[in-house]
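Each chain is listed here by its residues.
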Number of protein chains: 2
Amino acid sequence: MYRTNTCGELRLLHAGNEVTLSGWIQRSRDLGGMTFIDLRDRYGITQLAFNMDQEPALCEQARKLGREFVLQVKGIVKERENKNLQLPTGEIEIEVKELKVLNASATPPFTIEENTDGGDELRMKYRYLDLRRASVRANLQLRHQVAKQTRNYLDGQDFIEVETPVLIKSTPEGARDFVVPSRMNPGQFYALPQSPQTFKQLLMVGGFDKYYQLVKCFRDEDLRADRQPEFTQIDCEMSFVEQEDVLHMFEGLVRHLFETVKGIQLASVPRMTYADAMKFYGSDKPDTRFEMRFVELNHLVKDKGFKVFDDAELVVGICAKNAAHYTRKQLDELTEFVKRPQVGASGLVYARVNEDGSIKSSVDKFYDEAALKTWAEAMQAEAGDLLLVLAGEQHKTRKALNELRLEMGTQLGLRDKNTFSCLWVMDFPLLEYLEEEGRFFAMHHPFTSPKPNDLAQIDEMLALQAAGKLSAAYESPRANAYDMVINGVEVGGGSVRIFNKELQQKMFALLGFSPEEAQAQFGFLMNAFEYGAPPHAGIAFGFDRLCSLFGGADSIRDFIAFPKNNSGRDLMIDAPSEIAEKQLTELSIAVKK
Amino acid sequence: MYRTNTCGELRLLHAGNEVTLSGWIQRSRDLGGMTFIDLRDRYGITQLAFNMDQEPALCEQARKLGREFVLQVKGIVKERENKNLQLPTGEIEIEVKELKVLNASATPPFTIEENTDGGDELRMKYRYLDLRRASVRANLQLRHQVAKQTRNYLDGQDFIEVETPVLIKSTPEGARDFVVPSRMNPGQFYALPQSPQTFKQLLMVGGFDKYYQLVKCFRDEDLRADRQPEFTQIDCEMSFVEQEDVLHMFEGLVRHLFETVKGIQLASVPRMTYADAMKFYGSDKPDTRFEMRFVELNHLVKDKGFKVFDDAELVVGICAKNAAHYTRKQLDELTEFVKRPQVGASGLVYARVNEDGSIKSSVDKFYDEAALKTWAEAMQAEAGDLLLVLAGEQHKTRKALNELRLEMGTQLGLRDKNTFSCLWVMDFPLLEYLEEEGRFFAMHHPFTSPKPNDLAQIDEMLALQAAGKLSAAYESPRANAYDMVINGVEVGGGSVRIFNKELQQKMFALLGFSPEEAQAQFGFLMNAFEYGAPPHAGIAFGFDRLCSLFGGADSIRDFIAFPKNNSGRDLMIDAPSEIAEKQLTELSIAVKK
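Description of the structure in this document. What you see is a predicted model; the values in this text were computed from it and never measured. (Residues numbered from 1 in each chain as written. Chains lettered and ligands numbered in written order. Predicted model: local features only at pLDDT ≥ 70, side-chain atom pairs only at ≥ 80, totals over all residues. Heavy atoms only, no water.)

1. A word on the interface of chain A and chain B
Inference 1: Opposite the 122 residues of chain A that make contact, chain B presents 122 residues.
Inference 2: Contact between chain A and chain B buries roughly 10700 Å² in total, counting both sides, with carbon and sulfur atoms accounting for 60%.
Inference 3: Counting the surface chain A buries against chain B, the share from its top three residues, E163, F240 and Y531 of chain A, is 8%.
Inference 4: Our count for the contact surface shared by chain A and chain B stands at twelve salt bridges.
Inference 5: Across the pair D209 of chain A and R3 of chain B runs a salt bridge, and its minimum N-O distance is 2.8 Å.
Inference 6: Tallying contributions element by element places helix α4 (residues 134-156) of chain A first for the side of chain A that touches chain B, with eight residues.
Inference 7: Here the residues of the side of chain A that touches chain B sort into 64 nonpolar, 25 polar and 33 charged.
Inference 8: Note that strand β23 (residues 589-591) of chain A and strand β23 (residues 589-591) of chain B share three bridges and pair antiparallel. When the bridges of β23 of chain B are listed, I589 of chain A appears paired with V591 of chain B. (Contact = heavy atoms within 4.5 Å. Buried area = accessible area lost by both parts, 1.4 Å probe. Salt bridge = Lys/Arg side-chain N within 4 Å of Asp/Glu carboxyl O. Helix = DSSP H or I, 4+ residues; strand = E, 2+ residues; numbered from the N terminus. Nonpolar A, V, L, I, M, F, W, Y, C, P; charged D, E, K, R; others polar. Pairing = 2+ DSSP bridges.)

Structural data, given as structure tokens:
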């Protein structure tokens, strides 16, 4: 037996017990007469004491051991002289009687400490050492907790977890698929699922009623910092439900997770239409930890001789509470911020509401105090506030002001990682027009149902399409689609699905599929709809993202045991890699660089 | 709201309630004055009643509805006149007041009944309809239960579930990998994991102490009836443990599953060495629901003039209890059975122990009654028993007698699907010699530790190998490896791992890896062993197989929601399939049939 106890469990009440512990050397201190070693395992740290007078040979041996050596020790639990009350085991130490080195360790390439000296690449390469750091382990323990509580809740609500296949069929709609050549079917390929969407719908057709799965999904996209080629979803679907039932069920899930994982009682989740989110926040995933809503100023600012505003489609501002103290330098920096290509504004207008009520703006030449007061009034500004105004083409300006608003929220400390604000965003447009492709695309996916009131628009669009008159200007019907947004991050999204073959065919036609293409790619789903498909709806949560949010981190990578870098490489195992010619031949493929 | 209740929950106590139900038409009966419809959902079946006198229009409508139509009905719960006590809802029916057809259904290609008229291929193609059958749904609900209870047990034992990556690196050792071309790294490929073996070992190096995962694994093998290209494992690993700790922990898991899923209190799991399993059952996965052990007869049968036995390396038999009544025809059939190429014996010798104690054999010419009595004695045969004896080359004969033993077990009704017999098989050989490759292979995998007492043999083998003298005849060292066998099925297997770099290098050398090859393929693992790897051990259970065993079925396919056929095809979605030229180009590969 390697141990009688873990390194995290011994207390004063165990004093006098003979115990055996195993673990890693976190650090050691040689004080001449005494040598102390902090022994670490997953459960904690326990101090080992070696006495030069009593056990000189053992003490000599202990002095020579380096960091991260793996030890097994036998000894007696003693009350410590110098207690460390920061540590759960800090009232005791082990007076070591026997010592065995289970394994030696070379000097690690970086320190196994919270403030490690290892860079990102180095820690990725030696991920197994990075995993020894308490914060990394805590992240993955949190992930386990979130998974467990997700299952607890959904099991309690009569959901069945069903595994759907990983080797499926490639479909050109959506993001790029990873594919897998089939040896037994030469020239043919499986695809890895971007989501189990069609399978969960087929489970509903199959009468499973309530399905969920924590499931790996795959997208061959160019990676950003917070994207991984493989990621995990909480994937759910329900039958015989309306949108309201789904919102209720999954608001329940989110509340359960906050309560059990974070100990936070969540207020009921407010709702906002997509239209309002865009109008008041310039984003379909507003960070509602703080207000700072957009206020449109067109009716107040035109025809005063300021060409920028006169020419602008939209003039819109935000009121930053208590930020009138911003210096000229800070304001110049904000102007630089909004002019970055990623933000895209051409300039920034500001106005300070001074403590005495007077207002000083960067456009005093065009707007007198009285005019500025109308702005302040419209923006509900008070003494000490700072007004920030952008102008230009509507869509671009809202987008830029969204970035500015988030930046101001950050600068003013309004985006605390331990504060959580959840929001349902609803009534998304069903379709969006992509200029570069010259056609409408499904905003959520092609299986999303239009709102019943907007159904007639589908036929109207099809008629226009047939006449070659369907243009980008056509306003999309709204969808029964919803996103769960927490702290400005979209953590989940779903929709009520189409369950009628004719409507599904119309949707595919509208998206530019010929009937043959639709049949070839989604025939199995449309055929299934012929055999009594029930009304159904669902949702999927980004599990990695949800965990990182709960953990107060920005990157999902910290919550994945073995993540890949931005080129999709696993630096630790050095994958992907070349494969043998024999493998290629068996698979009936050749590399063609 | 689509329903107030499910089709499985209404009872007599609900009589008088107004309810709304949704579901599928299981069947309908038109009795003239009354029409009855059985409405089905996941939770059960409820009878709907339509009265021609009271609601003629509704009744007319109901009569026209076909099987598998999806309905929503509103009505009053009434006590039935003719109660069906077989059905949980059989004391009530719904007097329907409103009826809405939510979706129509074409006539299904096979009946949605327990005894369906649909063949295998047809049911695979329309899997979403097959899933509506109660037994198929029950199988997947059982699977959910087994998964849930597995997690409950392991969570309770402080295991952490960690997700390991699906896109990993191809390694030539073992079965064939599925590979995934990397678009971002042209000419390079990921592989799908055959198991997370190296990752779980790295998690141990990373200090995770106790890991598990229910995880999809992939093997590109030629498929047999009970193999699938993708399958699920319960994958586990522990640190600072000896073999005994692992056996104890996972015997606990199996007992927990039997108790919670099947309601069976399992006796403690007996153990058998690999050597004994081969000696007494001719198999490393003996079905221990029945005895019928092998008895070696060499010392009793030689030199009596029967050339077959005289020339045989091994003469070995089994005693089939109470089977002396077997007719000549049955015995001829058994002879045919053992002569099949898959079984491989050249003939069968039998002897009946009659009720009067006399013995009649097929080799009376060579063995008199006294000689046969020594057989009977050795085999502990009693009046009414049948002795079956095979002879020939040792290995082949044991294998054939194993098949015969299982066949006799089946014929004599000793292999009841509701009886469960668990067994640990231990002390497997570390290596096995494959004639066709002319070298030793790892029997479990290259990371398995030899038994400490057999360590010296590794050096001996390496010395012989260096001298070009290592032959197939060398008896392998034994491994600290173990299998869990239930009812003759290997449901799990694992081992104590090597955690020392030098020993791991020796193992790779013995398996024919050059140091460069070992470094290129498993360098990350051997490097990890340099930084304080703890002693560790683990196990993996075949989850699909475990579920099918619990469900009393022979095929794992019945316990997989969307299985593939024997050519690795998903007949429902028609995968794999060809992909677009554009995709191939992006991936820098070409098809080369």
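2. Describing the relation of the copies chain A and chain B
Inference 1: The two copies are related by a screw operation: chain A maps onto chain B through 180° of rotation and 0.0 Å of translation along the axis, at an RMSD of 0.0 Å. Look at the turn and shift together and you get a two-fold axis relating the two.
Inference 2: Taken together, the interface assignments show that 100% of the residues at the interface of chain A recur at the interface of chain B, consistent with an identical surface on both copies. (Least-squares fit on C-alpha atoms with pLDDT ≥ 70 in both.)

3. Some details on the pattern of salt bridges
Inference 1: According to the stated counting rule, one finds 94 salt bridges over all chains in the structure shown.
Inference 2: Between K216 of chain B and E230 of chain B there is a salt bridge; the shortest N-O distance is 3.0 Å. Residue K216 of chain B is located in strand β9 (residues 210-218), and its partner E230 of chain B is located in strand β10 (residues 230-239); the two are separated by 14 residues in the primary sequence.
Inference 3: Bridged by salt links that share partners, the residues D120, R123, R127, D130, R133 and R557 of chain A form one connected network.

4. Some details on unusual backbone geometry
Most peptide bonds are trans, and most residues other than glycine sit at a negative phi.
All names here are of chain A.
Inference 1: Of the consecutive residues A575 and P576, the connecting peptide bond is found in the cis state with omega at 0°.
Inference 2: Even without being glycine, D574 reaches a positive phi, approximately 60°.
Inference 3: The topology assignment puts D574 in the loop between α16 (543-550) and α17 (581-586).
Inference 4: For D574, a relative accessible area of 42% corresponds to the partly exposed category. (Buried < 20%, exposed > 50% of the residue type's maximum accessible area, 1.4 Å probe, protein only.)

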